[in-house]
Amino acid sequence: MRRLTLHPTGINLRPNTARVLVRTFIPGDTARIVNIIGRALALSEAETREQLAETTVAFGERHQDLRGVWCRHFERVKGHVFSGRPLSEARQLYIGALFSGEYALEAAALFNPSIVPDPDQSGLAEGELRFILSLRATGEGHISSIEFRSGIVHADHAVTIDDPSRFVTAPALNPNPTYRKSVFLHKLMEMGFENDWSNDVMKSLNKDFTLSELEAAMRRAASELGPLPREVQRTAECVRWLAESNYEVHFPPSVAVSERIIFPVSSNESNGMEDARFVRFVEDDGSVIYYATYTAYNGRAILPQLLETSDFLNFRARTLNGRAVQNKGMAFFPRRIDGRYAMISRQDDENLFLMYSDNPHFWSEPQILRRPTQSWEMVKIGNCGSPIETEAGWLVITHGVGPMRQYCLGAILLDLHDPSIVLAELTDPLLSPSGAEREGYVPNVVYTCGALVHRDRLILPYGLSDTATTIATIDLPELLAALTKSKTP
């Protein structure tokens, strides 16, 4: 096959250690928390104001609303304050600062991007497209979070990225999110925690209920039993874990796209939110929602999860349910097919699968779509984001792992009406790591979590050896012609 022409954009997004988030820094030992607070209480008011002023000077210009962050962190530990007298605002802020620390979100890597059209396409010249680029940012302890950038694909196919803000902002967590009873019950049953006690709790709740209503129902059910049997204790722990894993966060509209950081919230993603695959999903009635599957990692196990947003300001994290929710690399088709949701996945860490569902939160009955066939994907294959609809078929960017754990990008073409039919594939890689691209945190890897097509050009952002990110473009007719030539019976 003739080598396809990649058009580099000159964009190179590299880790920036100056982009830091303020996180809580609270010891796990209660005695240490009390000792720290005790030392802060021993200071005079003058000494407290002096220490607070020095800390503000040292860190104030590195963050927006630093005093607000310190105030929230004080709230996390104020239950350990043993002083009977009211604390001044300065002392509360200083204690909040003592339990705070900076975290360099992208100190290690900024990679594995996906790209979607921005919900706001106003103010553009003819032929332009504004996009949002999601990125996996990895910092100390290999903890991954989700960052964003904005940019424009111009009419001449040039791609520009807006300069990122020097600040980063974590979203506000909704303290009382809403849940759907049917989804909650299904997950409890799937995990083996559907029993008399959990059924009693669920029966007392409406079809949609809030976290506070759930907690009240659990307290009522527990009070009727007296000392809780071990089985009920384990069920209650599971219910709390499930509630924690389904959360809602939001950013104020004043926060720029590049400042928005989705940092791990629940315990099942405590070690990272990895490889978000965003897609602009259009419902049959024309309404639009953005879905993103991602891998939640707690340091021991992985769990596929789902983000939902319509505006990139308000996000809902949801557990995915069903026996097909396994492994990594789940990616939605951008619309229903014959009235059903469709997903590309990899159940066995080796092959590509296709599955359908009547509900985006429930997945089962995967069917094999494609096994490794080419030399550069002998170890395993997977998808690199959601399928892209073209007149010729569904274009799926794939990744293959071959000798020496080298990751290459490939492409296959699926039938528009029956995606279980593979119409064509590239026999040679679309993109292979070469030259300086081979060097990085994880060498010999090129990888993407999603591309898009605009004006007959494939816009392909990809990560370089799990370290940095670049963007290239490829002529779509040229790519489709190459796929057609490699068509197999």
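Everything below is about the structure shown above.
The paragraphs below set out a description of the structure included in this document. (Residues numbered from 1 in each chain as written. Predicted model: local features only at pLDDT ≥ 70, side-chain atom pairs only at ≥ 80, totals over all residues. Heavy atoms only, no water.)

1. Focus on the pattern of salt bridges
Throughout the structure, instances matching the rule amount to 24 salt bridges. The partner of Lys-380 in a salt bridge is Asp-349, with the nearest N and O atoms 3.2 Å apart. With a gap of 31 residues between them, Lys-380 in strand 20 (residues 380-383) and Asp-349 in the loop between strand 17 (341-345) and strand 18 (352-357) connect regions that are remote in the sequence. (Salt bridge = Lys/Arg side-chain N within 4 Å of Asp/Glu carboxyl O. Helix = DSSP H or I, 4+ residues; strand = E, 2+ residues; numbered from the N terminus.)

2. Details of the side chain of Asn-112
By secondary structure assignment, the location of Asn-112 is in strand 4 (residues 109-117). Among the residues examined, Asn-112 registers a relative accessible area of 4% and is labelled buried. A polar contact is formed between the side chain of Asn-112 and the side chain of Asp-275, at a distance of 2.8 Å. Residues in contact with Asn-112, not counting those within four places in the same chain, are Ser-134, Leu-135, Arg-136, Asp-275, Tyr-447, Cys-449, Gly-463, Asp-466 and Thr-469. (Buried < 20%, exposed > 50% of the residue type's maximum accessible area, 1.4 Å probe, protein only. Polar contact = N/O pair within 3.5 Å; in protein donor to acceptor, adjacent residues only side chain to side chain. Contact = heavy atoms within 4.5 Å.)

3. Structural notes on the environment of Leu-431
If you trace the backbone, Leu-431 turns up in the loop between strand 24 (422-425) and strand 25 (446-447). For Leu-431, a relative accessible area of 9% translates into the label buried. Distance from Leu-431 to Val-446, taken between C-alpha atoms, is 7.5 Å for residues 15 residues apart in sequence.

4. Brief notes about the packing of helix 6 (residues 196-203) against helix 7 (residues 211-223)
Helix 7 packs onto helix 6 with a crossing angle of 130° between their chain directions and a minimal axis gap of 9 Å. Between helix 6 and helix 7, the interaxial angle falls into the category oblique. In terms of crossing hand, the pair formed by helix 6 and helix 7 is right-handed. Each of Trp-197, Val-201 and Met-202 in helix 6 lies in contact with helix 7, whose residues at this interface are Leu-214, Ala-217, Met-218, Ala-221 and Ala-222. For the contact of helix 6 with helix 7, the per-class residue count stands at eight nonpolar, no polar and no charged. (Axes fitted to C-alpha atoms, helices over the stretch in contact; angles between N-to-C directions. Parallel < 35°, antiparallel > 145°, perpendicular 65-115°, else oblique. Left-handed = near helix turned anticlockwise from the far one by under 90°. Nonpolar A, V, L, I, M, F, W, Y, C, P; charged D, E, K, R; others polar.)

5. Here we look at the state of the cysteines
Throughout the structure, instances matching the rule amount to zero disulfides. Here Cys-384 is not cross-linked by a disulfide; its sulfur's nearest cysteine counterpart is in Cys-449, at 7.0 Å. For Cys-384, a relative accessible area of 2% corresponds to the buried category. (Disulfide = S-S within 2.5 Å.)

Such coordinate-based values are descriptive only and should not be taken to indicate function.
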